[in-house]
Every structure is written in structure tokens, then in C-alpha cells.
Amino acid sequence: MSHDKHGGTKQIWLVFWILLALTTVEVALGIYKPVSYEILKWTFIILTLVKAYYIVAYFMHVKHETKGFTWTLALPTFILIPYLLFILLTEASDLIL
Amino acid sequence: MGVESTTESVWRGGVKPFKASYGKMMMWFFLLTDALTFSGFLGAYGFSRFKYAETWPLAENVFTHFPGIHGDQPLLYVALMTFILIMSSVTMVLAVHHGKNMDTKKVAWWMGFTVLGGIIFLGSQAWEWMHFIHGTAEGALQLADGSIAKVIAAGTEVMGQKYNFDVLRLGTEKFITDPTTIATLSTGAEHVYGANMLVNEYGLPQFANFFFFITGFHGFHVFTGVLLNTIVFINVLFGTYEKRGHYEMVEKVGLYWHFVDLVWVFVFTFFYLV
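Residues numbered from 1 in each chain as written. Chains lettered and ligands numbered in written order. Predicted model: local features only at pLDDT ≥ 70, side-chain atom pairs only at ≥ 80, totals over all residues. Heavy atoms only, no water.

**Q** Got a sec to walk through the side chain of B:Thr215? Specific residues and values, please.
**A** Mapped onto the secondary structure, B:Thr215 falls in helix α6 (residues 205-237). Those residues in contact with B:Thr215 that lie beyond four places of it in its chain are B:Gln125, B:Trp129, B:Phe210 and B:Val267. (Helix = DSSP H or I, 4+ residues; strand = E, 2+ residues; numbered from the N terminus. Contact = heavy atoms within 4.5 Å.)

**Q** So, helix α3 (residues 76-100) of chain B: which residues are in play, and what are the values?
**A** Residues and elements named next belong to chain B. The end-to-end C-alpha distance of α3, which contains 25 residues, comes to 37 Å, matching closely the 36 Å that a straight helix rising 1.5 Å per residue would cover. In terms of burial, α3 is a largely internal element, 20 of the 25 residues being buried. A positive phi of about 55° marks methionine 102, the residue just after α3. (Expected span 1.5 Å × (residues − 1). Buried < 20%, exposed > 50% of the residue type's maximum accessible area, 1.4 Å probe, protein only.)

**Q** Outline the environment of B:Val222, listing residues and values.
**A** All names here are of chain B. Assignment of secondary structure puts valine 222 in helix α6. Remark: the alpha-carbon pair of valine 222 and valine 260, spanning 38 residues in sequence, is separated by 6.4 Å. In this view, valine 222 contacts Gly118, Phe121, Leu122, Trp257 and Val260; residues no more than four positions away in its chain are not counted.

**Q** Report on a nonpolar patch on the surface, specifying residues and quantitative values.
**A** Nonpolar side chains collect at one region of the surface, where A:Ile31, A:Tyr32, B:Ile69 and B:Leu76 lie side by side and expose about 370 Å² of accessible area between them. Mapped onto the elements of the fold, B:Leu76 is located in helix α3. (Patch = residues over 30% accessible without salt bridge, like charges linked within 9 Å, V, L, I, M, F, W, Y side chains within 5 Å. Areas by Shrake-Rupley, 256 points an atom, 1.4 Å probe, with all protein chains shown as cover. Salt bridge = Lys/Arg side-chain N within 4 Å of Asp/Glu carboxyl O.)

**Q** I'd love a proper account of the sheet that holds strand β6 (residues 174-176) of chain B, names of residues and values included.
**A** Residue and element names in this part refer to chain B. Reading across the sheet, the five strands line up as β6-β5-β2-β1-β7 and stay open at both edges, with antiparallel pairing between neighbours. If you trace the sheet from one side to the other, it starts and ends with β6 and β7 (190-192), each paired once. Between one strand axis and the next, the sheet turns by 35° as a mean value, whatever way the strands run. As defined by bridge partners, strand β5 (residues 167-170) adjoins β6 across three bridges and the pair is classed as antiparallel. If you follow leucine 170 over to β6, its bridge partner there is lysine 174. In this fold helix α5 (residues 179-186) packs onto β1 (140-142), β5 and β6, with an angle of close to 65° to the strand it touches most, β5. (Pairing = 2+ DSSP bridges. Axes fitted to C-alpha atoms, helices over the stretch in contact; angles between N-to-C directions.)

Below is the structure:
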């Protein structure tokens, strides 16, 4: 079995273990709730973004795409999604997240 | 067209911008728009969840079943579902990996496992929906104003005290223990069981609507993914990609499949955890 430049199956399994560990941490935090809800909420969101990074970068191979393509995907995501959420959550009500 | 046409002139659709083939790039742009759609849904969910924070049912109090284990098991079942989907994402990426090495046999095996994982996930989701739709044996009272009250049987300890009559619980922690108030609230109240688009014994009907819509839309993506994966799996078995000289089709459905997993990661967080 030849190893291409995208890393072998070893890296795939490493990412799997990382995702599994992060999910286990999330579930444990969700069940035992060791800290206040406010801290917990942001911990969940940060852990989720870390998981998303690993899926997109390694499983979806974006890490090995050209720089231009990566930005083509990243810029709309990081501009439009926060913008959408901002409009939805702040303009629609007096709600402060 | 596709990879074969890279040597053709630009005017006839040749060249590969960003070194990515046409099909792969268009799959990515589709996924980008789909990500915006899901952001809209989850954003709307978050808006309602915090606007009606006092009466919003928390998923961990709603989805507490686990097959074979009695009692409340919050988060355990959805954790299993998450594990199944991550696992099938891994088998998918392994199929893509072996496709790059033109190893037909291994691609077929891993594609097969991916299809299986998708089917198991869909089955799990059906099980969860079934429990949500059927609800609990005791149900809840829907008061005249539309709000939901849980009936707490006489003799159960409520805030350190026991009552010899049924008391009511509004929202997650507001208890009504005054008999006159209970009688007033119970007038015109209706017993409701489970959840659908109109009533929800766990709290606001909007919660049920969001649940059916978001997990349903995600489930539809999973279903489509299983369908696409099955087609590609059959093609792998027939040696279609072997003859074509590359396994790019596996890569393209792989992107879609990982996206389905990616969306679930967010649904899991915003629906079940936050």
C-alpha cells in the first residue's frame, strides 16, 4: 500500500480518536454539568468548532487543497454565517446572546 | 467532461481552477449554500430557545430513553447516534483513501460499511422520533392558555414537602401547590400525550416543530447520502471507476457524507447540549 501526500490511514484514525474524545467530553459535561450554564454553553460551542475544524480539514481534505480554494470556502462561511446569526439574534429582538 | 478535459482550451471548459475538478468544486459550493441553510435553521432555533427560556423544554429532559436500559438516560442515546455517524464518516474517508490507491476491494468494503452506518443512523433517528411522538405514559395537562403543566402524583416529594393531592409543575421548576390555584388552572385543561406539530407534552409546541424540521431536514440529507453512497457502492462493485481510471466519484459523495456528519455535530450541540 503506497502512502500518498495526504497522510496515511494512521492520520485518519488519529482524527477519529480526537473527534471521539471531544464528543465524550461534551456528553460528560452535558450529563454532570460541573460548571455554570454560561461557561458550559461556550465550552460546547468552542468544542464543536474544534470538531468541525477536524472534519473539514482532514476528512474533507481542505487542508490539502490550494490556498485559493480554501479561502474561497472559508471567507463566505466566516462572513455570511456570523452575519446571518447577528441579524437573527440581535435585530429580531432585544435578546443578547 | 471533468478531469479528462483539463488539456482542452479554457473556452471549452478546460483547466482546473485551484487544482480541483469541476465536480468537486461544485459539490463544495453546494455544501456551502447548504451550510447557510442549516445556519438559518439552527439560528432560528437558538433565537426561540432563549426568547422562551423559562418554558422551553430542554432536550435532555425530553430524550431520555435508551434501548434496553430502564430509567432516565439523558444524552446517552444521542451520543450513540453521534458515534455511529462519526464512525461512518471514518469508513467513508478510508474508502476515499483506498480509492486514491486504486484498491477496488478495499474501497468496496469501506463503502459498504459507510452505507450500513447510514442505515443504522436513520433507524436510530426513527426510534427517537417514535418515542417523542408517543410521549410518556402519564402525558401532561395542556391548560386553557395553551401552556403545559406536568401532573405530579400525590405523595411525591416536591421542594422538600409531600402533598396528599396531585400538584402541578409549570415549565421546568415552577410548582403549583395551592389547591384553589390548581383547580382554577385545571378548568378547561386537556390531557395531551407525546408531541406533534400542534401539541407537545414536554412544553412549547415550537420545540417539537423545530425538532421535526431540523432533525427531519438533516435526516433527509442522511437518506439522500445513503442513496448516493449505495449507487457509488454498486458502481465500485461493477468496476466502473476501475475502468474510468480514478475514484473521484467516491471523493465527491464522500464530501457530501462528511458534510452530513458535520451538520450533525452542530445539531448535537445546539439541539441537545446548549
